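Okay, here's what each chain looks like letter by letter:
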Amino acid sequence: MSQARPVTIAFDVMGADHGAAEVVRGAAQLTLDSPNIHALLVGDRAQIDEALATIRHNAERVAVHHTSEWVAMHEKPAAALDDKPQASVLLAAKLVKEGEADAMVSAGNTGAGVLACAKSFTLIPGVRRAALATVYPTAVGRGEKNDPFSLILDVGATVDASAADLVAFAVMGTAYARIISRNKDPSVALLSNGTEAQKGPPRVVEAHEKLKGMAGLRFIGNIEGVDIPKGTADVVVCDGFVGNVCLKMLEGVSETVMELAKYAYKEKLLWRAALAMLSGGIERIKEVTDWEQYGGAPILGFNRLFIKAHGRSKARAITNAGKVAAKAVGNDLAMTIEKLLPGRGSS
Amino acid sequence: MSDETKPAPRRIYRWDLDKTYLQTEFDTLRQLVRTALQRANEKKAVPGAAALIRELKASPDVRLCIVSGSPTQMRKVLMEKLKLDGVEFDELVLKDNLRNLVRGRFKALRGQVGYKLPVLLESRARAPADAEEVLFGDDAEADAFVYSLYADMVARRVSEPVVYRVLEAAEVYSDDIERVIQVWHSIPQADPVRRIFINLDRLTPPAYFAKYGPRVVPIFNYFQAALVLMGDKFLTAPQVLKVMIELVQTAGYNLLTLSNSFQDLLRRGLPMGAVAEALVEALKGPGGMFQAVRPVPDIIAAFSKRVASLGSEPAPPKARDIDYLSLLDDARPRTHKARRRS
């Protein structure tokens with residue numbers, strides 16, 4: 001048994017697209033892969049035990065916290081959490097707050113997850129608003145792992161971010177990239193409608209001015225939307241409204257390309273042959289840009305970490321979300337962020 | 001105490017060695033060779049196993065009988081290892097594979113049922129009819145099957161035609177089948193087997209063993225076995241705490257792993273309520289040794305939380321008759337390849 005400091009991850013088992021069993025499977029695999037990570041499964045005990053009974057796991061690193069309430073995907077977060085004080089996502093956040101777990105993972109309702117964090121966790125001193133970050137595959141590798149993913153934040157938690165919020169997001173993204181992507185000196189950029197410093201709404205211009213002179217960050221200026229897939233910056237900072245629109249558009253483009261490929265495959269024998277010849281390369285791209293290795297999107301800015309796994313996450317993504325959360329906890333992400341914030345620490 | 005002066009056994013604990021008492025790897029030829037060449041001080045016991053045996057053996061009317069598939073050539077090194085661990089045994093039966101090889105009985109080299117079943121029955125034939133038994137095996141071979149069949153044969157819950165069919169399916173040689181039937185008939189009918197513990201060396205999902213009924217208890221560690229045996233009144237709370245202390249001091253177990261192990265048993269419906277109360281009393285009582293592990297209130301709080309977080313009490317596992325003919329796959333010898341796959 002490893003003597004490393006044990007880290008407990010609370011998993012909100014309920015409300016995911018593939019059901020509780022898939023989340024339990026992912027958490028169970030985590031107990032086999034990582035000797036210092038414990039899984040605290042929060043949800044309906046009957047469903048959890050039914051899944052656990054039939055899958056390999058290490059019971060020494062699994063605990064169950066029963067609740068019969070949870071928030072479904074279609075429910076309105078605020079109303080649902082008011083109606084269900086014992087909802088699994090809220091309970092998981094509470095257990096993290098009370099120190100029963102160190103971080104939390106959920107593949108359920110995103111809004112409920114963010115709200116549960118806001119109700120239970122406290123913001124890091126110097127951070128006014130939290131940010132939801134996500135990774136996006138790019139053409140450039142970065143960090144020790146030659147990681148092709150850049151980090152974009154915020155993609156939906158804070159719709160009306162101020163200049164100070166954008167600066168805090170830049171700090172949070174840098175800290176996260178340093179710890180999770182093992183990128184010692186990640187480049188940070190503001191997403192705007194031009195690369196010039198004076199381009200964009202006043203809050204972006206003001207944030208640019210603040211970031212330009214900030215120690216501890218490698219701010220490379222503004223970038224445009226086209227630079228995101230190119231991988232021009234390791235950390236892309238924007239407000240939640242812009243980030244969410246941008247993310248959905250990138251997802252839409254990706255889906256459209258897939259549809260076009262399918263169409264081409266059906267339409268002409270020559271095109272089909274060409275696609276078949278490229279299949280090895282396409283598979284490789286799929287491997288390299290596999291988002292499941294990141295497990296999900298972190299909510300940054302709170303003193304505790306929440307990884308929001310995709311609703312349709314399979315077990316592997318859940319396992320990796322747990323690993324990412326444990327890594328962030330083990331490297332004291334919150335403290336790293338606090339130290340990097342202007343006027344807070346050394347850096 | 002010599003055999004003559006020992007009181008007649010009231011309880012018999014039967015243990016397998018590899019993967020049950022010893023942490024052994026023999027899934028590949030290289031591992032097999034390495035295991036064969038290991039010296040006594042290089043062999044490692046499964047955490048908590050030695051402490052559990054010492055506590056079980058604390059009473060003079062108890063016997064420890066070891067039946068292992070290890071070759072007879074390893075007797076000296078195994079005896080030395082058990083001595084190093086402070087484990088006193090009454091029987092140590094090893095497999096004479098050299099004899100099997102010389103006689104060309106190649107199926108017997110890998111077979112578990114044809115080896116263990118007659119040995120268990122012969123040992124039982126020498127024991128008092130009222131002696132209770134607790135058996136310890138693992139999930140690497142056919143222990144759950146062999147032990148359950150043995151228990152049901154002694155209790156006459158399984159018919160002779162079924163035993164014949166099982167032994168044939170397990171590729172047992174005909175003379176060994178006759179030996180099994182002969183010894184079986186000489187044993188008085190009794191229902192001595194209280195528990196069969198299966199050490200989950202391969203982390204086989206516990207539900208896999210549900211087909212063997214609640215008598216078979218898969219365990220992730222020997223703290224779990226100690227808790228169940230305490231519930232069965234085979235151990236006292238201070239004895240369970242000694243097993244716990246060995247796990248903490250020698251194998252890095254902590255409050256999380258121990259309280260999770262406790263909750264795992266609760267979730268599987270094992271009656272742990274009275275056990276928890278007695279443990280709390282023992283922890284609160286005199287005996288500074290427990291304080292050395294962790295402040296007592298922390299231990300009690302950790303276990304209480306795991307109980308409270310489950311809400312209502314889970315239903316106990318249901319008793320069931322074992323359909324051995326449907327479980328013949330579990331009885332067949334496993335190849336190295338199959339072991340690696342599992």
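Computed from a predicted structure; not experimentally measured. Throughout this description, residue numbers start from 1 for each chain and increase along the sequence as written. Chains and ligands are labelled sequentially in the order written, the chains with letters from A and the ligands with numbers from 1. A pLDDT threshold of at least 70 governs which residues receive local features in this predicted model, and a stricter bar of 80 or more applies before side-chain atom pairs are shown or counted, although totals over entire chains, interfaces and linings include all residues. The side-chain quantities take in all heavy atoms of the structure and omit both hydrogens and water.

> Could you clarify how one ought to interpret the overall build of chain A in this entry?
Only DSSP runs of H or I covering at least 4 residues are called helices, and only runs of E covering at least 2 are called strands; the numbering of each starts at the N terminus. Within chain A, the regular secondary structure consists of 12 helices and 11 strands. Only C-alpha atoms enter the radius of gyration, while the globule expectation follows 2.2 Å times N to the 0.38, with N the number of residues. A compact globule built from 347 residues would reach a C-alpha radius of gyration of about 20 Å, and chain A, at 20 Å, matches this within 12%. Along the longest, intermediate and shortest principal axes, the C-alpha atoms of chain A span 65 × 55 × 45 Å. A burial count over chain A gives 52% of its 347 residues as buried. Here the analysis covers contacts within chain A between residues at least 6 apart in sequence; of these, 71% occur between residues at least 24 apart. Surface accessibility follows the Shrake-Rupley procedure with a 1.4 Å probe radius. Residue values consider only the protein chains on display as shielding. Taken as a whole, chain A presents about 15,000 Å² of accessible surface, with 55% of it coming from carbon and sulfur. For every residue, the accessible area (1.4 Å probe, protein chains only) is compared with the maximum for its type, and the residue is labelled buried under 20%, exposed over 50%, or partly exposed between those bounds. Contacts: residue pairs with any heavy atoms within 4.5 Å of one another.

> Explain the sheet that holds strand β5 (residues 193-199) of chain B to me, please; I cannot follow it from the model alone.
Working definition: the strands of a sheet are paired by backbone hydrogen bonds and lie parallel or antiparallel to each other. Residue and element names in this part refer to chain B. Pairs of strands are assigned from DSSP output, requiring at least two bridges between the strands. Strands sit in the order β3-β2-β1-β4-β5-β6 across an open sheet of six strands; the sheet is parallel. Of all the strands in the sheet, just β3 (91-95) and β6 (216-219) have a single pairing partner and so form its edges. On average, each strand axis in the sheet is tilted by 15° relative to the strand beside it, whichever way the strands run. Relative to β3, strand β2 (residues 62-71) runs parallel, the two being bridged by four bridges. Paired with P71 across the two strands is K95, which belongs to β3. Between the N-to-C directions of two axes lies an angle of 0 to 180 degrees, each axis being a line fitted to C-alpha atoms and, for a helix, fitted only over the stretch in contact. Running at roughly 145° to β3, helix α3 (residues 75-84) makes contact with β2 and β3 of the sheet.

> Explain the interface of chain B and chain A to me, please; I cannot follow it from the model alone.
It is common to report an interface's size as the accessible area lost on association of the parts. In this complex, chain B contributes 25 residues to the contact, which on the side of chain A involves 24 residues. Here chain B packs against chain A, burying approximately 2,100 Å² in sum over the two surfaces, 53% of which is carbon and sulfur. We define buried area as the total accessible area lost by two parts upon association, computed with a 1.4 Å probe and summed across both. Ranking the residues of chain B by area buried against chain A places L203, R267 and S309 of chain B at the top, with a combined share of 25%. Measuring nitrogen to oxygen at the nearest pair gives 2.8 Å for the salt bridge that ties R267 of chain B to D49 of chain A. N or O atoms within 3.5 Å of each other form a polar contact, as long as, within protein, one can give a hydrogen and the other can take it, and as long as residues adjacent in sequence are counted only when both atoms are side-chain atoms. One can count 11 residue pairs in polar contact (both at pLDDT 80 or more) joining chain B with chain A. Contributions of two or more residues to the side of chain B that touches chain A are made by α12 (255-267) and α14 (296-308) of chain B. The element contributing the most residues to the side of chain B that touches chain A is α12 of chain B, with seven residues. The residue classification treats Ala, Val, Leu, Ile, Met, Phe, Trp, Tyr, Cys and Pro as nonpolar and Asp, Glu, Lys and Arg as charged. All others, Gly included, are polar. Partitioning the side of chain B that touches chain A into residue classes produces 10 nonpolar, nine polar and six charged. A carboxyl oxygen of Asp or Glu within 4 Å of a side-chain nitrogen of Lys or Arg is what we treat as a salt bridge.

> Explain helix α9 (residues 174-186) of chain B here, please?
Owing to its 3.6 residues per turn, the α-helix aligns residues three or four sequence positions apart on the same side. By this rule the span expected of a helix is its residue count minus one, scaled by 1.5 Å. Here α9 of chain B contains 13 residues, and its C-alpha end-to-end distance of 19 Å stays within 8% of the 18 Å for a straight helix at 1.5 Å per residue. For α9 of chain B, the elements touching its buried residues are α6 (113-126), α7 (143-154) and α8 (160-169) of chain B.

All quantities given are derived from atomic positions and should not be read as evidence of function.
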